[in-house]
Amino acid sequence: MIEPSAAAQLRRIARRRAARDRRRQRSRPLGPGRDTGISRLTWVALAASMLPGLAALVALLFTWMSVGQTNKDLQISEQGQITTRFNAAITNLGSASLDVRLGGIYALQRIMQDSSRDQSTVVSVLSAFVRRHAPVPDNGFKPAEDHRPPADVAAVVSVLGNRSADREVTQDGKPLYRVDLSSVDLRGLEREVGLTEGGTRRRSTFRFAFLTWADLRHAGLENFDLFDASLDNANMSDVNLQDTDLRKAHLGGANLTNARLGAADMTGAELVRANLHHAHLSRAEETNETSEADSSADLTRADLTGADLSAADLRGVVLIQADLTGADLRGADLTRADLSNADLSNADLTGAKMSGAQTAGAIFEGARGVPPHSRGSSP
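Remember, predicted model here, so these are calculated numbers, not experimental data.

Caption draft 1: Highlighting the overall build of the chain. Secondary structure summary: the chain contains 5 helices and 0 strands in total. Helices (α) and strands (β) of the chain occur, in sequence order from the N terminus, as α-α-α-α-α. Within the chain, contacts between residues separated by at least 24 positions form 37% of all contacts whose residues are at least 6 apart in sequence. On the chain, roughly 20400 Å² of surface is accessible, and the fraction owed to carbon and sulfur atoms is 53%.

The structure is reproduced here in structure tokens:
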């Protein structure tokens, strides 16, 4: 028989073991194999609530993959269509029918509008078309009387001038490629291009273009963009270049006799040995005297070394820092022209009108025919 004190001790030990077992049971992680009935129901409910989200995620992933593949297929299809259109347009360019050729030209214009990556190819093809169909003959320039470019050639020039030229330059403003119309006959071009669909004059873009040895007599290039264009040795007599952007243009040896250059921006242009005999660089006769400065050409820092400016209308023209070394200015009208810091060394100013001309800082070393009051004057 167990003593009462021993029995009490055994009961205490049993209670401590029971309490320890309960603590161990509470500290065990819940899991599928150890959950109570309530815990298992919680897991089932949690899994059931996750199923719609998981299904939506799978559907979204599938949709994304489908859209990506669709876009890829669409791009391939579009490129195939452009290739087909391009081939058809090239075929039309070789047609004997003028109407069909015009259709091919405007089809290529649409391709340029729809696909920027194909613009350089289209520009190259259209430039080659003009060089082939309107070349300057090997034996020299043809007579200019009553001439105009063929309709398809004029259409090509219009399409080229209305293209998006901002696609053709790098971030630092360098050209990626150039329109090449060198040695082409574009006399009388003004009768074919220069108007927008609304009937207003639009600036045609030929910046950086090659137009060397081109025949542009009597052409209407008013308000054209010829920035940094190459026009060396081009025949441009009687051409209309009013309001044209000719900054940094290369016009060495070009024939600009009787050309109209009123309000043209020729800043930094290169006109070494260019012929500007009787050229009109002012539109004072077309405007009132108060607006003469706005209607005259700007030749700031232009290189006119050895240029022929005899009998030229240079009223109000800006020639600041221009190089006129050895230039022929006989009989030129330099009334109110700005010759500040210009170099007129060895220039011939015999008979030139220089009333009101600004000549502060101008160099006249070796110059001939300079009116005494014009040297170093600054009205």
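Caption draft 2: Structural context of the side chain of T257. Here T257 is to be found in the segment after α5 (151-161). Once you skip the residues sitting within four places of it in the chain, T257 turns out to touch M236, S237, D238, N275 and H277.

Caption draft 3: Quick peek at the packing of helix α4 (residues 119-133) against α5. Direction vectors running N to C along α4 and α5 enclose 150°, while the axes themselves pass 10 Å from each other. It follows that α4 is roughly antiparallel to α5 by the angle criterion. Crossing of α4 against α5: the hand is left-handed. On α5, the residues that touch V123, L126, S127, F129, V130 and H133 of α4 are D152, V153, V156, V159 and L160. Classifying every residue of the contact of α4 with α5 by side-chain character gives 8 nonpolar, 2 polar and 1 charged.

Caption draft 4: Spatial organisation of the packing of aromatic side chains. Per the counting criterion, the structure on display carries 2 aromatic pairs. Ring plane angle 10° and centroid distance 5.8 Å describe the contact between F206 and F224, whose orientation is recorded as stacked. Placement of F206 in the segment after α5 and of F224 in the segment after α5 is noted, with a sequence separation of 18 residues between them. For F224, a relative accessible area of 3% translates into the label buried.

Caption draft 5: Inspection of the nonpolar core at higher detail. Counting residues in hydrophobic clusters, the biggest one holds 85 residues, and the most contacted among them are L226, L231, L271, L276, L299, L304 and L344. Breaking this core down by element, the ones donating at least two residues are α2 (37-93), α3 (98-114), α4 and α5. Beyond its immediate stretch of four places on either side in the chain, L344 contacts L324, L329, L339, L349, A362, I363, F364, E365 and A367.

Caption draft 6: Local environment of empty space enclosed by the protein. Under the defined criterion, the tally for this structure stands at 2 cavities of 30 Å³ or more. Forming the walls of the largest cavity are V157, L181, L186, L189, F206, L211, L216, L221, F224 and L226. Per-class residue counts for the lining of the largest cavity are 10 nonpolar, no polar and no charged. In this structure, the second largest cavity encloses a volume near 40 Å³. Together, R163, A165, E168, V169, Y177, R207 and F208 line the second largest cavity. Here the residues of the lining of the second largest cavity sort into 4 nonpolar, no polar and 3 charged.

Caption draft 7: Structural context of the packing of α3 against α4. Their axes nearest at 9 Å, the elements α3 and α4 cross at an angle of 155°. On the basis of their axis angle, the class for α3 and α4 is roughly antiparallel. In the packing of α3 onto α4, the handedness of the crossing is left-handed. Residues R101, I105, L108, I111 and M112 of α3 form the contact with α4, whose participating residues are Q119, V122, V123, V125, L126 and F129.

Caption draft 8: Structural context of the pattern of salt bridges. Taken as a whole and judged by the stated rule, the model has 15 salt bridges. Two residues, D348 and R330, come together in a salt bridge whose shortest N-O distance is 4.0 Å. You can see D348 sitting in the segment after α5 and its partner R330 sitting in the segment after α5, a full 18 residues away along the chain. We classify D348 as buried; its relative accessible area is 12%. In the salt-bridge network here, residues are joined through shared partners; they are D185, R187, D215 and R217.

Caption draft 9: Representation of unusual backbone geometry. Backbone geometry at S183 places phi at a positive 60°, although glycine is not the residue there. The phi dihedral of N223 falls on the positive side, at around 65°, and the residue is not glycine. Structurally, N223 is set in the segment after α5.

Cut-off values and rules
Residues numbered from 1 in each chain as written. Predicted model: local features only at pLDDT ≥ 70, side-chain atom pairs only at ≥ 80, totals over all residues. Heavy atoms only, no water. Helix = DSSP H or I, 4+ residues; strand = E, 2+ residues; numbered from the N terminus. Contact = heavy atoms within 4.5 Å. Areas by Shrake-Rupley, 256 points an atom, 1.4 Å probe, with all protein chains shown as cover. Axes fitted to C-alpha atoms, helices over the stretch in contact; angles between N-to-C directions. Parallel < 35°, antiparallel > 145°, perpendicular 65-115°, else oblique. Left-handed = near helix turned anticlockwise from the far one by under 90°. Nonpolar A, V, L, I, M, F, W, Y, C, P; charged D, E, K, R; others polar. Phe/Tyr/Trp six-rings, centres within 6.5 Å; stacked < 30°, edge-to-face > 60°. Buried < 20%, exposed > 50% of the residue type's maximum accessible area, 1.4 Å probe, protein only. Core = buried A, V, L, I, M, F, W, Y, C linked by side-chain atoms within 4.5 Å. 1 Å grid on protein atoms, 1.4 Å probe; cavity = no way out; pocket = protein on both sides within 12 Å on 5 of 7 lines; lining within 4 Å. Points joined across faces, edges and corners; volume = space filled by probe spheres on them. Salt bridge = Lys/Arg side-chain N within 4 Å of Asp/Glu carboxyl O.

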